[in-house]
Amino acid sequence: AKRLKRSEKLPMQRHEGGYYIRLMALDRPGTAATIARHLADEHISLESIVQRRPGTATHGGDDPASVAAPVPVILITYATTEDAVRRALAAVQAAGVVAGTPQVIRIEKT
C-alpha cells in the first residue's frame with residue numbers, strides 16, 4: 001500500500017465513450033442536416049438516429065411553411081468526448097432547430 005500513488009481525477013468533459021442524446025427537433029426541412037453538420041464539426045460520428053412522428057397529425061415536413069410541435073429525435077454516438085458533445089449541442093441550440101435543452105446520457109461499456 002505504501003508504494004501506491006494517488007491517481008489524478010480527469011474532468012468529466014474528457015470522458016470518452018458513446019452518448020445517448022434526445023432532442024426535441026423542429027420538424028422542418030434542413031433540421032437534420034443542421035444537427036448533423038454541428039456534430040460533424042466536432043468529429044462526432046453517429047451510430048444510430050431515430051425520429052418518431054407524434055400521432056397522425058400533419059407535421060412541418062409535409063408543408064415547409066407550417067408550424068408544428070417539435071418531434072423527439074434520439075441520437076446514439078460512437079466514442080467521442082463529452083466536451084465535444086456539449087460544444088456540438090450548444091451550436092445546435094444556437095442554430096434554433098431544437099426546442100428546449102437536449103438530454104445527454106453517457107453510455108458506459110464494459
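Relevant structure appears above.
Basis of the calculations
Residues numbered from 1 in each chain as written. Predicted model: local features only at pLDDT ≥ 70, side-chain atom pairs only at ≥ 80, totals over all residues. Heavy atoms only, no water. Helix = DSSP H or I, 4+ residues; strand = E, 2+ residues; numbered from the N terminus. Buried < 20%, exposed > 50% of the residue type's maximum accessible area, 1.4 Å probe, protein only. Axes fitted to C-alpha atoms, helices over the stretch in contact; angles between N-to-C directions. Parallel < 35°, antiparallel > 145°, perpendicular 65-115°, else oblique. Left-handed = near helix turned anticlockwise from the far one by under 90°. Contact = heavy atoms within 4.5 Å. Nonpolar A, V, L, I, M, F, W, Y, C, P; charged D, E, K, R; others polar. Arc of directions from axis to C-beta.

Participant: Which parts of the structure should I look at to understand unusual backbone geometry?
Facilitator: With the exception of glycine, most residues fall at negative phi, and the peptide bonds are largely trans. Positive phi outside glycine occurs at His43, with the angle close to 60°. Mapped onto the elements of the fold, His43 is located in the loop between helix H1 (31-41) and strand E2 (46-51). Among the residues examined, His43 registers a relative accessible area of 71% and is labelled exposed.

Participant: Just checking my understanding: could you explain the environment of Arg53 for this structure?
Facilitator: Mapped onto the elements, Arg53 comes out in the loop between E2 and strand E3 (71-77). Taking the relative accessible area as the measure of exposure, Arg53 reaches 44% and is therefore partly exposed. In this structure, the C-alpha to C-alpha distance between Arg53 and Asp27, residues 26 residues apart in sequence, is 9.2 Å.

Participant: Quick question: what am I supposed to make of the packing of H1 against helix H2 (residues 82-94) here?
Facilitator: How two helices pack is summed up by the angle between their axes together with the distance between the axes. At their nearest, the axes of H1 and H2 sit 8 Å apart, and the two run at 150° to each other. Overall, the two elements H1 and H2 adopt an arrangement that is roughly antiparallel. Crossing angle aside, the handedness with which H1 passes H2 is right-handed. Touching Ile35, His38 and Leu39 of H1 are Ala88, Ala91 and Val92, all from H2. Of the residues that constitute the contact of H1 with H2, the class distribution is five nonpolar, one polar and no charged.

Participant: I would appreciate a short explanation of H1 in the present structure.
Facilitator: Think of an α-helix as turning once every 3.6 residues; residues three or four places apart then point the same way. When we look at burial in H1, the residues that qualify are Thr31, Thr34, Ile35, His38 and Leu39. What you see down the axis of H1 is that its buried residues fit within an arc of 130°, all on one side. Of the exposed residues in H1, those oriented more than 90 degrees away from the buried face are Ala32 and Ala33. In this structure, the buried side of H1 is in contact with strand E1 (16-25), E2, E3, H2 and strand E5 (98-107). Following H1 by one or two positions, His43 adopts a phi angle in the positive range, close to 60°.

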